[in-house]
Amino acid sequence: MQALKHFRIDFVITAAVLVVAFLYDNWAGVGLTAILIVVEIVFSFDNAAVNAKYLDRLNHFWQTMFLTVGVIVAVFGMRLVFPFVIVCLSGSISPWRALELALEKGDPHTPGTYGYILTEAHPAIAAFGGMFLLLLFLDFMFDPEREISWLTWIEKPLQKLGKLDVLSVIIAGLFLLVASETLVHQTHVHTEVQMRSIVLFSGLLGIILYLAVNGLSTMMEEREAAKDHEFEEADAHSSTGQKVLLAGKAAFSMFIFLEVLDATFSFDGVIGAFAITPDPIIIMLGLGVGAMYVRSMTIFLVRNGTLAEYRFLENGAHWAIGALAVMLVISIRYDLGEFVIGGVGIAFILAAWASSVMANKRDAVAEGAADTTEQGAKV
């Protein structure tokens with residue numbers, strides 16, 4: 001019941017959006033919107049788990065900003081404006097013409113329609129998003145200071161390799177080069193050589209943006225840590241154990257990083273939604289409400305200490321990110337389908353959760369046995 005109370009605002013907005021969908025396209029609109037809401041929630045759980053890791057370091061004000069202002073950016077920015085801009089750039093058409101195409105609701109498989117133009121831009125979007133997410137995954141796996149390992153047989157060796165600086169960038173760059181040579185093919189609009197250039201440029205842009213945003217966030221965090229050093233030392237000797245949360249410029253840079261991360265996660269969902277309906281209004285309504293639930297889920301994970309309780313959940317989420325990054329790049333040439341992409345991510349999350357539950361039970365049994373031994377020794 002407490003969990004349901006956390007999502008009560010989401011339930012109210014969902015009801016309002018479904019009414020809007022009914023007024024817009026009768027019961028067909030309601031059904032399609034509901035499907036898109038469920039798809040966005042189910043396939044974005046890894047997004048919530050990873051976001052929770054970073055959001056846990058922000059104070060209450062910035063967590064609220066993520067849930068309010070951030071939702072506006074996610075709904076209108078990524079679910080409406082982003083596809084619109086992509087259609088304008090990829091189709092070399094005016095914003096007015098793009099709006100006309102959007103309102104026509106043409107078949108995505110028909111050349112010249114809104115959905116078709118957006119689908120044609122998929123290789124560039126996949127290369128950009130794939131590289132950004134791949135670096136996020138690699139930086140986590142190569143982190144030599146990370147204390148918890150889930151798939152120890154592979155994570156421990158990767159941590160040792162992480163002592164080599166910029167290794168994640170080297171691997172991402174090599175992966176991009178291989179992908180551009182093996183996965184790119186000619187389209188109705190571009191030759192193979194043109195597509196190779198587009199994929200390389202987009203992937204490189206994803207790498208640069210990750211390094212820029214992540215670097216800015218790290219720099220601001222270090223400044224904040226230095227400023228609060230005395231407070232942290234005092235806190236270490238106190239009985240409260242309260243951790244210092246980021247605020248000010250450091251929190252703002254982390255907020256920007258979270259927004260970029262959320263946008264990157266949404267790329268495949270926005271493109272894939274056109275397989276369900278070509279109507280951009282329904283897509284914005286469905287995916288927008290779904291994004292709101294994902295953000296509320298992130299806040300719920302943070303405030304309930306879920307990542308701390310289930311120790312391997314963060315690792316599983318990053319493995320899901322790594323799989324998503326690879327599948328995004330593979331989708332440049334092969335259609336993997338939304339259910340395959342989402343299913344792999346969910347599988348990693350569930351496996352990590354199950355491993356966490358079993359580990360907690362083993363710890364409880366070991367602790368109980370230790371208590372029994374200690375009591376026996378006293379007797």
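Residues numbered from 1 in each chain as written. Predicted model: local features only at pLDDT ≥ 70, side-chain atom pairs only at ≥ 80, totals over all residues. Heavy atoms only, no water.

Asker: Just give me the short version of the side chain of Arg196, but keep the residues and values in it.
Answerer: Examined against the element boundaries, Arg196 turns out to sit in helix α11 (residues 192-227). On the basis of relative accessibility, which here comes to 18%, the residue Arg196 falls in the buried class. Only 3.1 Å separates the side chain of Arg196 from the backbone oxygen of Ser180, close enough to count as a polar contact. When near neighbours in sequence (up to four residues on either side) are disregarded, Arg196 contacts Ser180, Glu181 and Val184. (Helix = DSSP H or I, 4+ residues; strand = E, 2+ residues; numbered from the N terminus. Buried < 20%, exposed > 50% of the residue type's maximum accessible area, 1.4 Å probe, protein only. Polar contact = N/O pair within 3.5 Å; in protein donor to acceptor, adjacent residues only side chain to side chain. Contact = heavy atoms within 4.5 Å.)

Asker: Quick rundown of helix α8 (residues 122-141)? Include the residues and the values.
Answerer: In this model, α8 (20 residues) spans 28 Å end to end at C-alpha, consistent with the 28 Å of a helix rising 1.5 Å per residue. Counting buried residues in α8 gives 19 out of 20 residues, a clear majority hidden from the surface. (Expected span 1.5 Å × (residues − 1).)

Asker: Mind laying out unusual backbone geometry, listing which residues take part and the relevant values?
Answerer: Not every positive phi belongs to a glycine, and Asn26 is a case in point at roughly 55 degrees. Here Asn26 shows up in helix α2 (residues 8-43).

Asker: Tell me about the confidence of the model for the chain, and please be specific about residues and values.
Answerer: Here the chain averages 80 in pLDDT, while 85% of its residues score no lower than 70. Helix α12 (residues 229-236) is the least confidently modelled element of the chain, averaging 48 in pLDDT, while helix α10 (residues 167-182) averages 94, the highest of any element. Here residues 234-242 scores under 50 on pLDDT; set against residues more than four positions off or in separate chains, the count is four contacts. (pLDDT = per-residue confidence, 0-100.)

Asker: Just give me the short version of the pattern of salt bridges, but keep the residues and values in it.
Answerer: Considering all chains together, one arrives at seven salt bridges under this definition. Arg146 is paired through a salt bridge with Glu155; the nearest N and O atoms lie 2.9 Å apart. According to the relative accessible area criterion, Arg146 is buried, its value standing at 9%. Ionic pairing is found between Arg196 and Glu192, a salt bridge with its closest N-O pair at 3.0 Å. Remark: Glu192 and Arg196 occur in helix α11; sequence separation between them is four residues, near one turn of the helix. (Salt bridge = Lys/Arg side-chain N within 4 Å of Asp/Glu carboxyl O.)

Asker: An account of the packing of helix α4 (residues 60-67) against helix α5 (residues 69-91) is needed here, citing residue identities and associated values.
Answerer: Where α4 contacts α5, the two axes come as close as 3 Å, and the packing angle between them is 25 degrees. Between α4 and α5, the angle falls in the class roughly parallel. Two secondary-structure elements touch here, α4 through Met65, Phe66 and Leu67 and α5 through Val69, Gly70 and Val71. A breakdown of the residues in the contact of α4 with α5 according to their chemical character gives five nonpolar, one polar and no charged. (Axes fitted to C-alpha atoms, helices over the stretch in contact; angles between N-to-C directions. Parallel < 35°, antiparallel > 145°, perpendicular 65-115°, else oblique. Nonpolar A, V, L, I, M, F, W, Y, C, P; charged D, E, K, R; others polar.)

Asker: Now, about the packing of aromatic side chains: what can you tell me, with residues and values included?
Answerer: This model, assessed by the stated rule, comprises eleven aromatic pairs. Taken together, a centroid distance of 5.3 Å and an interplanar angle of 85 degrees make the contact between Phe132 and Tyr210 edge-to-face. Of the two residues, Phe132 is situated in helix α8 and Tyr210 in helix α11; the sequence distance between them amounts to 78 residues. A residue is classified by how much of its surface remains accessible, and Phe132, at 0% relative accessible area, is buried. Taking the relative accessible area as the measure of exposure, Tyr210 reaches 2% and is therefore buried. Each ring, one from Trp319 and one from Phe348, has its centre 6.3 Å from the other, and the planes form 15 degrees; the classification is stacked. With Trp319 in helix α16 (residues 313-330) and Phe348 in helix α17 (residues 338-378), this residue pair connects regions lying 29 residues apart in the sequence. What makes Trp319 buried here is its relative accessible area of 13%. Here the basic side chain of Arg146 rests over the ring of Phe140, its NZ or CZ set 4.6 Å away from the ring centre. (Phe/Tyr/Trp six-rings, centres within 6.5 Å; stacked < 30°, edge-to-face > 60°. Lys NZ or Arg CZ within 6 Å of the ring centre and 35° of its normal.)

Asker: Describe α10, and please don't skip the residues or the numbers.
Answerer: A rise of 1.5 Å per residue sets the reference length of α10, with its 16 residues, at 22 Å; its end C-alpha atoms lie 23 Å apart and thus fit the reference within 8%. Buried residues of α10: Leu167, Ser168, Ala172, Leu176, Ala179 and Ser180, and no others.

Asker: Can you lay out a nonpolar patch on the surface for me, pointing to particular residues and giving the numbers?
Answerer: Nonpolar side chains collect at one region of the surface, where Val19, Phe22, Leu23 and Trp27 lie side by side and expose about 480 Å² of accessible area between them. Relative to the helices and strands, Trp27 is located in helix α2. On the basis of relative accessible area, Trp27 is assigned to the exposed category, the value being 65%. (Patch = residues over 30% accessible without salt bridge, like charges linked within 9 Å, V, L, I, M, F, W, Y side chains within 5 Å. Areas by Shrake-Rupley, 256 points an atom, 1.4 Å probe, with all protein chains shown as cover.)

Asker: Lay out the environment of Leu307 with the relevant residues and their values.
Answerer: Tracing the backbone shows Leu307 in helix α15 (residues 306-309). Residues in contact with Leu307, not counting those within four places in the same chain, are Ala49, Ala52, Lys53, Leu301, Leu313 and Glu314.

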